[in-house]
Amino acid sequence: MNLEEILFQIFLLIAAATDTTRISTVMQDALLLQHRAQWEAVCRDPALVPAAVAESLRLEPSAAAVARIAAEPIDIDGTLVPAGSLITLSTMSAMRDERAFTNPDAFDIGRTDQMRMHAVFGYGVHRCIGEALARAELEEVLAALAARIPQLQLDVPPTISGHFGVRPVSAMRVSWKP
Ligand code: HEM
């Protein structure tokens, strides 16, 4: 790699690793605290943590789509996508596909139709290289919060928006009594 490529790789690694995980941390806490019974279930049983993380990533992902360039012309229901076009594929939409998930708009950490290969991390050769690290961070932070502050309260929920790339999120306010 030349210097420009090395710098780009470093930039990509930092950009891809920080906001995605930070926003996912906010959203998983918010979703669980908004569904108090499921938060309490996680507090009682830490074995539920991986499922809670996966369901939060499905319902309110921090990254909403992946980008590809059409290698050849593609006909989608009569609409021609010319070769060379930049295409954004909405993983966010796929993760609420009613043909794939029962009650797709519901937050349910007990769902039995969760993806084995989670779409939030993309697909193919460019699938997120940091998936294992991201899952470990998200699971550790949730397990620690649930173990140490089960009385956590959500005072101001965050607002997440956007349908492409990393989705911006507003601040969340929480509190707890000792
Ligand atoms: C919840 C956290 C994360 C989410 C939702 C996420 C999501 C994604 C997505 C959707 C892609 C594009 C995949 C594709 O085009 O098929 C991607 C690529 C990438 N991610 Fe992540 N990511 C997360 C955390 C991380 C972390 C922690 C790291 C690094 C330690 C990281 C490093 C990268 C890199 C380097 C790429 C580019 C891979 C390539 O183009 O070959 N990501 N990520």
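Up top is the structure these notes are about.
Quick notes on the rules
- Residues numbered from 1 in each chain as written.
- Predicted model: local features only at pLDDT ≥ 70, side-chain atom pairs only at ≥ 80, totals over all residues.
- Heavy atoms only, no water.
- Helix = DSSP H or I, 4+ residues; strand = E, 2+ residues; numbered from the N terminus.
- Buried < 20%, exposed > 50% of the residue type's maximum accessible area, 1.4 Å probe, protein only.
- Areas by Shrake-Rupley, 256 points an atom, 1.4 Å probe, with all protein chains shown as cover.
- Lys, Arg positive; Asp, Glu negative; His and termini not counted.
- Charge placed at Lys NZ, Arg CZ, Asp CG, Glu CD.
- Expected span 1.5 Å × (residues − 1).
- Arc of directions from axis to C-beta.
- Contact = heavy atoms within 4.5 Å.
- Near = heavy atom within 4 Å.
- Polar contact = N/O pair within 3.5 Å; in protein donor to acceptor, adjacent residues only side chain to side chain.
- Nonpolar A, V, L, I, M, F, W, Y, C, P; charged D, E, K, R; others polar.
- Donors = N, O, S within 2.8 Å, 3.2 Å for Na, K, Ca; no water.
- Axes fitted to C-alpha atoms, helices over the stretch in contact; angles between N-to-C directions.
- Left-handed = near helix turned anticlockwise from the far one by under 90°.

A. Summary view of the overall build of the chain. Each helix and strand in the chain was counted, giving five helices and six strands. Starting at the N terminus and walking to the C terminus, you meet the elements of the chain as α-α-α-β-β-β-β-α-α-β-β. Going through the 178 residues of the chain one by one, you find that 37% of them count as buried. In the structure as shown, the chain presents an accessible area of about 11,000 Å², 61% of it carried by carbon and sulfur atoms. Taking the 15 positively charged and 21 negatively charged side chains of the chain as two groups, their mean positions are separated by 7 Å.

B. Structural context of helix α5 (residues 131-148). Compared with an ideal rise of 1.5 Å per residue, which puts 18 residues at 26 Å, α5 spans 26 Å between its outermost C-alpha atoms and is within 8% of the ideal. Glu131, Ala134, Arg135, Leu138, Leu142, Leu145 and Ala146 are the residues of α5 that are buried. End-on view of α5: buried residues confined to an arc of 110 degrees, all on one side of the axis. In α5, the exposed residues that point more than 90 degrees away from the buried face are Ala132, Leu133, Glu140, Ala147 and Arg148. Check the buried side of α5 and you find it contacts α1 (3-34), α2 (36-44) and α3 (49-59).

C. Just the site of the ligand, in detail. Within the structure, the ligand sits among 22 residues, and Arg68, Val120, Tyr123, His126 and Cys128 are positioned closest to it. A distance of 2.7 Å is found between an oxygen atom of the ligand and a side-chain nitrogen or oxygen belonging to Arg68. Separating an oxygen atom of the ligand from a backbone N or O atom of Tyr123 is a distance of 3.0 Å. Contributions of two or more residues to the shell around the ligand are made by α1, β1 (65-69) and α5. Sort the elements by how many residues they give to the shell around the ligand and α1 lands first, with seven residues. A per-class count over the shell around the ligand returns 13 nonpolar, seven polar and two charged.

D. Looking closely at the coordination of the iron atom of the ligand. Protein coordination of the iron atom of the ligand is limited to a single donor, Cys128 (SG), which sits 2.3 Å from the metal. Inspection of the secondary structure puts Cys128 in the loop between α4 (91-94) and α5.

E. Molecular detail of the environment of Arg116. Here Arg116 is to be found in the loop between α4 and α5. Along the sequence, Arg116 and Ala54 sit 62 residues apart, while their C-alpha atoms lie 9.8 Å from each other.

F. Region of interest: the packing of α3 against α5. Two elements in contact, α3 and α5, have axes separated by 9 Å at closest approach and are oriented at 120 degrees. Two packed elements cross with a definite hand, and for α3 against α5 that hand is right-handed. Side by side, α3 and α5 meet where Val49, Pro50, Ala52, Val53 and Leu57 of the first sit next to Leu138, Glu139, Leu142 and Ala143 of the second. Of the residues in the contact of α3 with α5, the class split is eight nonpolar, no polar and one charged.

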